[in-house]
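Examining the three-dimensional arrangement
Chain residues, written in single-letter form:
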Amino acid sequence: MKTAWFKLADTLIVLTSIVLALTFASPVAKAQGSGYDQPYRPQVHFSPREHWTNDPNGLVFFHGEYHLFFQFNPFGDQWGHMSWGHAVSKDLLHWQELPVAIAEKDGEMVFTGSVVVDHKNSSGFCAPGSECLVAVYTGHYSTTGKTLQTQNLAYSRDDGRTWTRYSGNPVLDLHMADFRDPSVSWDEARKHWLMVVSLPKERKVRFYTSADLKQWAQASDFGPAGDVDGDWECPDLLHIPGEKSGVGMWALKVGLNPGAPQGGSGEQYFLGDFDGKQFTASSEPGSHGWTNYGKDDYCAISFNGIPRSEKPVLIGWMNNWQYASKLPTSPWRGQMSVPRRLSLLKDAAGLALVQEPVTAALRGDHSEISTTNGGKLSIGPQETPFELKLDFGRPSEMVFGIRLYTDEQHWTEIGFNQAKKEFYIDRTKSGTAIAPEFPGRTTAPLIASRSYDLRVIVDRLSIEAYAQNGTIAMTDLIFPPSQSNRVETFSGSGKAVLSKGDVWKLRSIWK
Ligand code: FRU
């Protein structure tokens, strides 16, 4: 017979086991809530729990899940050992990080690429009669002192959880040191796979087609064109549905690094036509622009697996190669932009790509803000993350906008300058200047005939601004001394420029 003491000990053992079981049963699920509250940890943007990330890779929607793969160093917070990290989401906002999907192997790093859904098992990689995911990535390795980049395949039969490399890799090898970042999609009209891949030093992208993802036939080249002051990287070809008519256009997006107009890394787009083999850029006004006019949005790609009738969704890496290695964050370094839906605008000024952040589901407490006394509008203190929606109407002021103060010496200015025909973010006084190239002002052309509206998402280390109906997207990192903001309108003459607006507290994606 057990004594009372033994009974107590038994009870304690049972209780301890329950606690341990609860603690370790679902390590990933638990990790999502904790470990995401360090200083500067983005609350409405994805970042890996720890270590380095750069470009998003293989964005795909499959079996009810959005997959975000990303350039990842599993061993540290600087670039290296490039592998594909992995996270999944049901709503594009709340992400659950999973183990590394495709790891560096035998000295071959796994560079940027894409993932497609092979519905009909055209590759032969899927279980008989089923569909599966196929990744197309750049293998990067050095042999006898030479660097080589080739295109390779891996497949997953378990919803992206585990991956097997194709034994016949590489599927494309031009014996070149720079040949990378394949973006692959299914061309439903012509019933074949389409790849657009970069020849960075030539400032070109090359199109290939394939029936089985293994054998590729060269279709055409595009470039040099537009801005050619840096390497061309991370191309993506997107079909953008039309506004109402349903007649869409094609957009070819190309990363440029270094040498973008804002300094360092940037992304240009060409609007035009694609006939299944060749992309032809339109010459209409507005058909060449920048997917982001800030300094911190690079190598954005769109999701595969979203029906063509829907607006494509783009996610970029919120950083710039000029200072990516210097972000004062720990234990992670690098984060993704919020997802944005893309559409097209055609008005008297010409064409434009429109971007709309997909963050409405995170909106919490709302307040409508207004001034009736002609004074300046002041909101706050407002803790990040939050969202502002403002419409300035048609002010006669030449320069106006808002300032986000985190103390009397530190603020970020977001403004419209009608004299210079610019929309801008000035982060010169935002906070810590993490590198000589960091402080400064980013600008976008302001179109007088478009509305002077502004939507701003302020997270702990970033400002994502959308102006003029989403035809301007501007993302800039900031490292402010506090997370408490006082938002004030300003104008050149000091007179009021805004009568009302909306502010929402945004709910953290990690809670
Ligand atoms: C762009 C890039 C890609 C390459 C990857 C390597 O940021 O240079 O061209 O695939 O990063 O991490």
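Above this text is the structure in question.
Notes on the structure follow. Since we're looking at a predicted model, the values are computed, not measured.

**Considerations on the overall build of the protein chain**
When helices and strands are counted, the protein chain shows two helices and 35 strands. Scaling as 2.2 N^0.38, a compact globule of 511 residues should have a C-alpha radius of gyration of about 24 Å, and the protein chain matches this with 24 Å. Based on the C-alpha atoms only, the size of the protein chain along its principal axes is roughly 80 × 70 × 45 Å. Within the structure as shown, the protein chain displays about 20,600 Å² of accessible surface, and the carbon and sulfur contribution to it stands at 54%. Side-chain charges in the protein chain split into 50 positive and 56 negative, and the spacing between the mean points of these groups amounts to 2 Å.

**A look at the pairing of strand β15 (residues 249-257)**
With nine of nine residues buried, β15 lies mostly within the body of the structure. The two faces of β15 match: Met249, Ala251, Lys253, Gly255 and Asn257 on one face and Trp250, Leu252, Val254 and Leu256 on the other face are all buried. Inspection of the sheet shows β15 paired to strand β16 (residues 266-274) by seven bridges, in the antiparallel sense. Counterpart to Lys253 in the pairing with β16 is Tyr269.

**Focus on the site of the ligand**
Looking at the ligand, the residues that line it are Asn54, Asp55, Gln71, Trp79, Phe111, Thr112, Arg180, Asp181, Glu233, Tyr298, Cys299 and Trp321. One of the backbone N or O atoms of Thr112 is found 3.3 Å from an oxygen atom in the ligand. One of the side-chain nitrogen or oxygen atoms of Asp181 is found 2.6 Å away from an oxygen atom of the ligand. Protein chains shield 95% of the accessible area of the ligand, which is 320 Å² for the free molecule. Its residues placed into classes, the shell around the ligand shows five nonpolar, three polar and four charged.

**Considering the pairing of strand β29 (residues 422-426)**
The buried fraction of β29 is high, at five of five residues. The side-chain alternation of β29 yields two buried faces, one formed by Glu422, Tyr424 and Asp426 and the other by Phe423 and Ile425. Two elements, strand β28 (residues 410-417) and β29, share five bridges in a ladder whose sense is antiparallel. Note that in β29 the partner of Gly415 across the bridge is Tyr424.

**Considerations on the nonpolar core**
Within the largest apolar cluster, 47 residues are counted, with the highest numbers of intra-cluster contacts made by Phe207, Phe392, Ile402, Phe423 and Leu454. With four residues, β15 is the largest single contributor of residues to this core. One finds Ala87, Leu92, Ile301 and Ile315 within the second-largest nonpolar core, a separate group that totals 27 residues.

**Digging into the sheet that holds strand β2 (residues 65-73)**
If you walk across this open sheet you meet the five strands as β4-β3-β2-β1-β21, and the pairing is mixed. Among the strands making up the open sheet, the edge pair consists of β4 (95-102) and β21 (332-333). The sheet contact formed by strand β3 (residues 83-89) and β4 spans five bridges and is antiparallel. Pairing of Ala87 across the sheet is with Glu97, part of β4.

**What about the sheet that holds β29?**
Strand order in the open sheet formed by six strands is β25-β34-β27-β28-β29-β30, and the pairing between neighbours is antiparallel. Lying at the two open borders of the sheet, with one neighbouring strand each, are β25 (378-383) and β30 (441-445). For this sheet, the mean angle separating the axes of adjacent strands, direction not counted, is 15°. Here β25 runs beside strand β34 (residues 484-491); their pairing, made up of four bridges, is antiparallel. Paired with Ser378 across the strands is Glu488, a residue of β34.

**A few points about the packing of aromatic side chains**
This model, assessed by the stated rule, comprises 33 aromatic pairs. Look at Phe222 and Phe270: their rings are 5.0 Å apart centre to centre, the planes differ by 70°, and that puts the pair in the edge-to-face class. Taken together, the residues Phe222 in strand β13 (residues 217-222) and Phe270 in strand β16 connect sequence positions 48 residues apart. This pair shows no difference in class: Phe222 is buried, exactly as Phe270 is. Geometrically, the ring pair formed by Phe416 and Phe423 is edge-to-face, given 5.1 Å between the ring centres and 65° between the ring planes. By the burial criterion, Phe416 is buried, and Phe423 matches it. Taken together, the ring pairs in this structure connect Tyr36, Phe46, Phe70, Phe72, Trp95 and Trp510 into an aromatic cluster. Across from the ring centre of Trp504, 3.7 Å away, lies the NZ or CZ of Arg363, which sits over that ring.

**Re the pattern of salt bridges**
Following the criterion strictly, the structure yields 25 salt bridges and no others. Notably, a salt bridge pairs Glu408 with Arg486, separated by 3.2 Å at the nearest N-O pair. Here Arg486 lies in strand β34 and Glu408 lies in the loop between β27 (399-407) and β28, a separation of 78 residues in the sequence. Accessibility expressed as a relative area gives 27% for Arg486, which makes it partly exposed.

**Details of unusual backbone geometry**
Cis rather than trans, the peptide bond between Ser330 and Pro331 has omega equal to 10°. Here Pro331 lies in the loop between β20 (313-317) and β21. Of the consecutive residues Thr384 and Pro385, the connecting peptide bond is found in the cis state with omega at -5°. Residue placement: Pro385 occurs in the loop between β25 and β26 (386-391). The backbone of His63 sits at a positive phi, close to 50°, despite the residue not being glycine. With respect to the helices and strands, His63 occurs in the loop between β1 (51-62) and β2. Note on His63: relative accessible area 47%, which makes it partly exposed.

**Describing the side chain of Asp502**
Position of Asp502 among the secondary structure elements: in strand β35 (residues 500-506). No salt bridge is formed by the buried Asp502. Its closest oppositely charged neighbour is Lys389, at 5.3 Å. Not counting residues within four places of it along the chain, the set of residues in contact with Asp502 comprises His366, Ser367, Glu368, Ile369, Glu387, Leu388 and Lys389.

Definitions and cut-offs
Residues numbered from 1 in each chain as written. Predicted model: local features only at pLDDT ≥ 70, side-chain atom pairs only at ≥ 80, totals over all residues. Heavy atoms only, no water. Helix = DSSP H or I, 4+ residues; strand = E, 2+ residues; numbered from the N terminus. Rg over C-alpha atoms; globule rule 2.2 N^0.38 Å. Areas by Shrake-Rupley, 256 points an atom, 1.4 Å probe, with all protein chains shown as cover. Lys, Arg positive; Asp, Glu negative; His and termini not counted. Charge placed at Lys NZ, Arg CZ, Asp CG, Glu CD. Buried < 20%, exposed > 50% of the residue type's maximum accessible area, 1.4 Å probe, protein only. Pairing = 2+ DSSP bridges. Near = heavy atom within 4 Å. Polar contact = N/O pair within 3.5 Å; in protein donor to acceptor, adjacent residues only side chain to side chain. Nonpolar A, V, L, I, M, F, W, Y, C, P; charged D, E, K, R; others polar. Core = buried A, V, L, I, M, F, W, Y, C linked by side-chain atoms within 4.5 Å. Axes fitted to C-alpha atoms, helices over the stretch in contact; angles between N-to-C directions. Phe/Tyr/Trp six-rings, centres within 6.5 Å; stacked < 30°, edge-to-face > 60°. Lys NZ or Arg CZ within 6 Å of the ring centre and 35° of its normal. Salt bridge = Lys/Arg side-chain N within 4 Å of Asp/Glu carboxyl O. Contact = heavy atoms within 4.5 Å.

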